[in-house]
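For reference, the chains in residue letters:
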Amino acid sequence: MKKIALLLVVTLMFSCKSKGQDKDEKESFSVNKTDSQWKAELTDMEYYVLREAGTERAFSSPLNNEYRSGTFHCAACNTPLFKSENKFDSGTGWPSFDQEIKGNVAFSTDYDLGYARTEEHCATCGGHLGHVFNDGPKDTTGKRHCINGVALDFVPEN
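All of these numbers come straight from a predicted model, not from anything done at the bench.

(A) View of the overall build of the protein. For the protein, the helix and strand inventory stands at three helices and nine strands. Ordered by position from N to C terminus, the α and β elements of the protein give α-α-α-β-β-β-β-β-β-β-β-β. Every one of the 158 residues in the protein was classed for burial, and the buried ones make up 41%. Total accessible area computed for the protein in this model is approximately 10000 Å², and 53% of it derives from carbon and sulfur atoms.

So, in structure tokens, the structure goes:
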């Protein structure tokens, strides 16, 4: 009888689902649109990356080689996210920055590859941008914000 009770308790412990485990719970952002609205406004690749947390192919974005002065904005809602002065060539094939514009990028943890990674989102619309790693330039922040170029629009300085 004790073995059955113990088995029942262990089964219940591992089958309980807390709110922290619920990936379907929607976060609230100041720009909220339906899936059909996003699909109408974004290209297929922008939708895949920004709304489905996809990843573009390495070295496919022209923004990887964009080094003019300006600001990189969210392709979905036009929020300024990164400044060109913080961009560097990481050699990874994705636009990389050593820091974000504070308050305009939100962070969460994803386990999609089986281990914890810090995921980045636009703080205004929740669009997936990429991930941040601790292997960036040591002489600045030490961070590498590895961002999908398709998630960004570049606005040159006038």
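(B) Spatial organisation of the pairing of strand β1 (residues 70-74). Of all five residues in β1, four are buried; the element is thus mostly enclosed. Across five bridges, the pairing between β1 and strand β9 (residues 152-156) is antiparallel. Its bridge partner being in β9, Cys74 is matched across the sheet by Leu152. Of the pairings in the sheet, the one linking β1 to strand β2 (residues 80-83) comprises three bridges and is antiparallel in character. By the bridge assignment, Thr71 is partnered in β2 with Lys83. What sits between the antiparallel neighbours β1 and β2 is a turn of five residues, in which Asn78 has the positive phi angle 70°.

(C) Examining the pattern of salt bridges more closely. Summed over the entire model, instances satisfying the criterion amount to five salt bridges. Arg117 serves as the salt-bridge partner of Asp110, at 3.4 Å between the closest nitrogen and oxygen. In terms of burial, Asp110 and Arg117 fall into one category: buried. Ionic pairing is found between Asp135 and Arg144, a salt bridge with its closest N-O pair at 2.7 Å. Take Arg144: its relative accessible area is 10%, and that puts it in the buried class.

(D) Quick look at unusual backbone geometry. For Phe59, which is not glycine, the phi dihedral falls at a positive 65°. With respect to the helices, strands and loops of the structure, Phe59 is situated in the loop between α3 (44-52) and β1. Here Asn78, not a glycine, exhibits a phi torsion of approximately 70°, which is positive. As for its position among the elements, Asn78 is in the loop between β1 and β2. Its relative accessible area of 48% is what places Asn78 among the partly exposed residues.

(E) Quick peek at the sheet that holds β9. Read across the open sheet, the three strands follow the order β2-β1-β9; overall the sheet is antiparallel. The open sheet is flanked by β2 and β9, the only strands paired with a single partner. Mean inter-strand twist for the sheet, computed between neighbouring axes without regard to direction, equals 30°.

(F) Just the nonpolar core, in detail. In this structure, Leu50, Leu81, Phe82, Leu129 and Leu152 are the most contacted members of the largest nonpolar core, which totals 22 residues. Breaking this core down by element, the ones donating at least two residues are α3, β1, β2 and β9. No other element matches α3, which puts three residues into this core. Every residue in contact with Phe82, bar those within four places of it in the chain, is listed here: Thr71, Phe72, Phe97, Gln99, Glu100, Ile101, Val105, Glu120, Leu129, His145, Ile147 and Leu152.

How each quantity is defined
- Residues numbered from 1 in each chain as written.
- Predicted model: local features only at pLDDT ≥ 70, side-chain atom pairs only at ≥ 80, totals over all residues.
- Heavy atoms only, no water.
- Helix = DSSP H or I, 4+ residues; strand = E, 2+ residues; numbered from the N terminus.
- Buried < 20%, exposed > 50% of the residue type's maximum accessible area, 1.4 Å probe, protein only.
- Areas by Shrake-Rupley, 256 points an atom, 1.4 Å probe, with all protein chains shown as cover.
- Pairing = 2+ DSSP bridges.
- Salt bridge = Lys/Arg side-chain N within 4 Å of Asp/Glu carboxyl O.
- Axes fitted to C-alpha atoms, helices over the stretch in contact; angles between N-to-C directions.
- Core = buried A, V, L, I, M, F, W, Y, C linked by side-chain atoms within 4.5 Å.
- Contact = heavy atoms within 4.5 Å.

What is shown is where atoms sit, not what they do.
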